[in-house]
Amino acid sequence: MFNCTLCYLENDREEYLMLHRVKKKNDINHDKWIGVGGKFEPGESPEECLLREVREETGLTLTDYRFRGVITFVAEGCETEYIYLYTAGGWTGEMIECDEGDLEWVRKDRVPDLPIWEGDEIFLKLLAENRPPFLLTLDYRSPGDRLVRAGVKGIWNFTNFELACGRPDVVVESVHFSDSLLTLSYLISQRENMEENP
C-alpha cells in the first residue's frame with residue numbers, strides 16, 4: 001500500500017483542471033481524466049506532497065487549498081492506495097505542459113461525461129455539496145475497472161442517498177446511521193444481470 005494526493009483545482013468559471021492521462025506507460029489511470037497529484041516521497045506530509053505534485057505537474061504554486069477527505073482505493077491486482085483529496089482555489093505561476101498527460105479546464109457538470117473512474121462520481125458529488133471531510137472506500141474488480149463496492153463515512157446527515165448520481169445500474173445495498181456517522185455501501189451491477197438473477 002502507499003499514500004498519494006489528488007487535487008482538483010477550481011476556477012471562478014465553475015471548472016476543474018483535469019488531467020487526461022495519455023502519456024505515461026503502464027499507467028493504471030491510462031486514458032482516464034483525473035485531478036493532479038501523486039505518491040508521497042519519503043518523509044513527506046500530505047500537504048508537502050500536495051504542493052510538490054501540483055507544482056511538478058502543472059507549474060502552479062498553490063496559495064489556497066482545502067483538505068476534503070481520504071479515499072481508500074482498492075483494485076484487483078494492484079497495491080491499495082490511500083488518497084488524500086484536496087481542492088484548491090488559489091495559485092500563482094503559469095501552467096506548463098505535463099509529462100503524464102494533457103491538462104484541460106473542464107466544466108464541473110461535464111466531468112461525469114468523461115472517461116473517469118466510476119467511484120469519482122461519488123466524491124465529486126460530495127465536493128459539489130460542500131460536505132465536511134469524509135472517508136471513502138472504493139473497491140474495483142476486473143474486467144473493465146468495475147466498481148463493486150463503495151462505502152463512505154462523514155459527520156453529517158444525508159437527506160437522500162443518491163450518491164451515484166441517479167445511475168440506473170446502482171443498487172443500494174445497506175445504509176446505517178450511528179451517532180450522525182453515516183456508512184453507505186452499495187453494489188454495482190449490470191441491469192441485465194439483475195433481470196436475469198432477480
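Residues numbered from 1 in each chain as written. Predicted model: local features only at pLDDT ≥ 70, side-chain atom pairs only at ≥ 80, totals over all residues. Heavy atoms only, no water.

**As for the overall build of the protein chain**
Quick reminder of the rule: Segments assigned H or I by DSSP are reported as helices when at least four residues long, segments assigned E as strands when at least two residues long, and all are numbered from the N terminus. Using a 1.4 Å probe on the protein chains alone, a residue whose accessible area is under 20% of its type maximum counts as buried, one over 50% counts as exposed, and one in between counts as partly exposed. Any pair of residues with heavy atoms lying within 4.5 Å of one another is described as a contacting pair. Note on areas: Shrake-Rupley with a 1.4 Å probe; residue coverage comes only from the protein chains shown.
Scanning the protein chain from terminus to terminus reveals 3 helices and 10 strands. Listed by position from the N terminus, the elements making up the protein chain come as β-β-β-α-β-β-β-α-β-β-β-β-α. Relative to its full complement of 198 residues, the protein chain shows a buried share of 45%. Taking as baseline every contact in the protein chain between residues at least 6 positions apart, the subset at least 24 positions apart corresponds to 62%. If you sum the accessible surface of the protein chain, you get close to 10600 Å²; carbon and sulfur atoms cover 48% of it.

**Considering unusual backbone geometry**
Only a minority of non-glycine residues have a phi that is not negative, and only a minority of peptide bonds are not trans. Its identity is not glycine, yet E14 carries a phi of approximately 60°, on the positive side. Along the chain, the position of E14 falls in the loop between β1 (2-9) and β2 (15-20). Among the residues examined, E14 registers a relative accessible area of 44% and is labelled partly exposed. You will see that N130, though not glycine, has its phi angle at about 55°, which is positive. If you trace the backbone, N130 turns up in the loop between α2 (120-128) and β7 (134-141). Residue classification places N130 among the partly exposed residues on the basis of a relative accessible area of 47%.

**Here's the deal with α2**
The buried count for α2 comes to 7 of 9 residues, which makes it a mostly enclosed element. Within α2, the full set of buried residues consists of D120, E121, I122, F123, L124, L126 and L127. Downstream of α2 by one or two residues, N130 has phi in the positive range, about 55°.

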